[in-house]
Amino acid sequence: LSRREGATLFMTLLAAFQALLYRYTRQEDICVGTPVANRNRGEIEGLIGCFVNTLVMRGDLSGAPTFRQLLARTRETALEAYAHQDVPFEMLVDELQPARTLSYTPLFQALFALEETPMDRLSLPGMTLDLLDVETGTAKFDLTLFVEQGAGGSLKGIFEYNTDLFEEATIERMARHFLRLLEGIIANPDQQVSRLPLLAEAERRQLLDEWAVVTSPYPRDATVHDLFAEQAARTPDAVALLFGDEEYTYAEVNRRANQLAHHLQALGVGPDVLVGLIMERSVEMVVAHLAILKAGGAYLPLGP
């Protein structure tokens, strides 16, 4: 797919990652960071030191694009970003002046990196070096996806995440969704991103068959205020409302609602009449809700 579209594997995986974040957040403007080595000049090839910079890839998912269209946008964005990869990230932050907070990094909170898997063992004169995985217990960003490209084109994905924001089960589910999304992309890149498959068959069955089954019968044609009146008739002395240290029985609330309903009807409240309601949270607010419904009208809550 990457070769057909004139894109690199990095561009395709980045577009897929942005599509995943879009499906989770429904945000059409998604910025994802990515590291670049910044050794693009022959003069610095022999120098020792860290030349890594961070680019911000801005994903545009507006207009319900297909994945093929999203990949074309991502390709253009990446090429433009690479043309300016020498601009330090700190300079970009100073120029844009985003709202700063210590809770998260500026400009992006998710990072994507495609890396070639280094050799496991490096032999030098008089020594042998082994590569060891080290668990630091820290995450630099809210969410990072590393994809390692091994021998023969194999790919291995690793999620690093902020445990204050995500549980392990959430990330495991996200990884399954990402794989399912990739399968759907390959099968039909002309499908809209919003319609590409995300759920595994077991998840789909759970949502549609198990969780959607309603086994408890309920009076479908009864209204809320009628059900409240029935409950008041059955248990008039039971506590219906608690507000601070005060208790109100079903009989009390129903009686007060009936009184107010008669008053509202005298003022012309009935079907198709909208009653504005501006009240702080209180027993009176609940009484007013019931009374307007009992009078046959509809209430419109207005924030004080």
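All values reported here derive from a predicted model rather than from experimental measurement.

Student: Tell me about helix α8 (residues 283–294), and name the residues and values.
Tutor: For α8, built from twelve residues, the straight-helix expectation of 16 Å at 1.5 Å per residue is met to within 8% by its first-to-last C-alpha distance of 17 Å. Within α8, the full set of buried residues consists of V283, V287, A288, L290, A291 and I292. At its buried positions, α8 is contacted by α6 (224–234), β8 (239–243), β9 (246–249), α7 (250–266), β10 (274–277) and β11 (298–301). The distance from a side-chain oxygen at the start of α8 to the backbone nitrogen of E284 is 3.5 Å, and the residue carrying that oxygen is S282. One or two positions beyond α8, positive phi appears at G296, with a value near 100°.

Student: So, the pairing of strand β2 (residues 53–60): which residues are in play, and what are the values?
Tutor: For a regular strand, side chains alternate in direction, first toward one face of the sheet and then toward the other. The two faces of β2 differ: N53, L55, M57 and G59 on one face are buried, but T54, V56, R58 and D60 on the other face are not. In the sheet, strand β1 (residues 29–36) pairs with β2 via eight bridges, with the strands oriented antiparallel. Each residue of the ladder has a partner; that of I30, found in β2, is G59.

Student: Which residues make up the environment of A200, and what values go with them?
Tutor: The residue A200 is located in the loop between α4 (168–187) and α5 (201–210) in this model. Each C-alpha atom, one on A200 and one on H225, is 42 Å from the other, the two residues being 25 residues apart in sequence.

Student: Go over the sheet that holds strand β3 (residues 110–116), please, and point to the residues and values.
Tutor: Pairing is mixed across the open sheet formed by five strands, whose spatial order is β2-β1-β3-β6-β7. Where the open sheet ends on each side, the last strands, each with one partner, are β2 and β7 (155–161). When the angles between neighbouring strand axes are averaged without regard to direction, this sheet yields 25°. Bridge analysis of strand β6 (residues 143–149) against β7 gives seven bridges, and the strand direction is antiparallel. Across the sheet, residue L145 finds its bridge partner in β7, namely F159. Its contacts with the sheet put helix α1 (residues 9–25) on β1, β2, β3, β6 and β7, and the angle it makes with β3 is roughly 155°. Seen against the sheet, α4 touches β6 and β7 and runs at an angle of roughly 145° to β7.

Student: Account for α4, with residues named and values stated.
Tutor: Here α4 spans 29 Å end to end across 20 residues, near enough to the 28 Å set by a 1.5 Å rise per residue. Of the residues making up α4, those classed as buried are I171, M174, H177, F178, L181, G184 and I185. Angular distribution of buried residues about the axis of α4 spans 135°; they occupy a single face of the element. Of the exposed residues in α4, the ones pointing more than 90 degrees away from its buried face are E168, L179, E183, I186 and A187.

Student: An account of the pairing of β10 is requested, with residue identities and associated values reported.
Tutor: The alternating pattern of β10 places V275 and L277 on a buried face, while none of L274 and G276, on the opposite face, is buried. Inspection of the sheet shows β10 paired to β11 by four bridges, in the parallel sense. Residue pairing for β11: L277 is matched across the bridge by P301. Handedness of the crossover is the feature at issue here: the chain leaves β10, passes through α8, returns alongside β11, and the resulting connection is right-handed.

Student: If you had to explain the packing of aromatic side chains to someone new, which residues and values would you point to?
Tutor: Within a pair of aromatic rings, the relevant descriptors are the distance that separates the centres and the angle that separates the planes. Tallied over the full model, the rule gives seven aromatic pairs. Each ring, one from F17 and one from F112, has its centre 6.0 Å from the other, and the planes form 35°; the classification is tilted. Of the two residues, F17 is situated in helix α1 and F112 in strand β3; the sequence distance between them amounts to 95 residues. Taken together, F10, F17, Y82, F112 and F178 form an aromatic cluster joined through their ring pairs.

Student: Account for the side chain of T34, naming residues and giving values.
Tutor: Position of T34 among the secondary structure elements: in strand β1. The class of T34 is buried, set by a relative accessible area of 3%. Only 2.8 Å separates the side chain of T34 from the backbone oxygen of F112, close enough to count as a polar contact.

Student: Please give an account of the packing of α6 against α8 that cites residues and values.
Tutor: Packed helices, taken two at a time, are described by the angle between their axes plus the distance between the axes. At a closest axis distance of 9 Å, the pairing of α6 and α8 adopts a crossing angle of 110°. Accordingly, the angle class assigned to the pair α6 and α8 is roughly perpendicular. Where α6 crosses over α8, the two elements pack in a sense that is left-handed. Only L290, L293 and K294 of α8 make contact with α6, whose side of the interface consists of H225, F228 and A229. Looking at the contact of α6 with α8 residue by residue, the class counts come to four nonpolar, one polar and one charged.

What counts and what doesn't
- Residues numbered from 1 in each chain as written.
- Predicted model: local features only at pLDDT ≥ 70, side-chain atom pairs only at ≥ 80, totals over all residues.
- Heavy atoms only, no water.
- Helix = DSSP H or I, 4+ residues; strand = E, 2+ residues; numbered from the N terminus.
- Expected span 1.5 Å × (residues − 1).
- Buried < 20%, exposed > 50% of the residue type's maximum accessible area, 1.4 Å probe, protein only.
- Contact = heavy atoms within 4.5 Å.
- Polar contact = N/O pair within 3.5 Å; in protein donor to acceptor, adjacent residues only side chain to side chain.
- Pairing = 2+ DSSP bridges.
- Axes fitted to C-alpha atoms, helices over the stretch in contact; angles between N-to-C directions.
- Arc of directions from axis to C-beta.
- Right-handed = clockwise from strand over helix to strand, strands pointing away.
- Phe/Tyr/Trp six-rings, centres within 6.5 Å; stacked < 30°, edge-to-face > 60°.
- Parallel < 35°, antiparallel > 145°, perpendicular 65-115°, else oblique.
- Left-handed = near helix turned anticlockwise from the far one by under 90°.
- Nonpolar A, V, L, I, M, F, W, Y, C, P; charged D, E, K, R; others polar.

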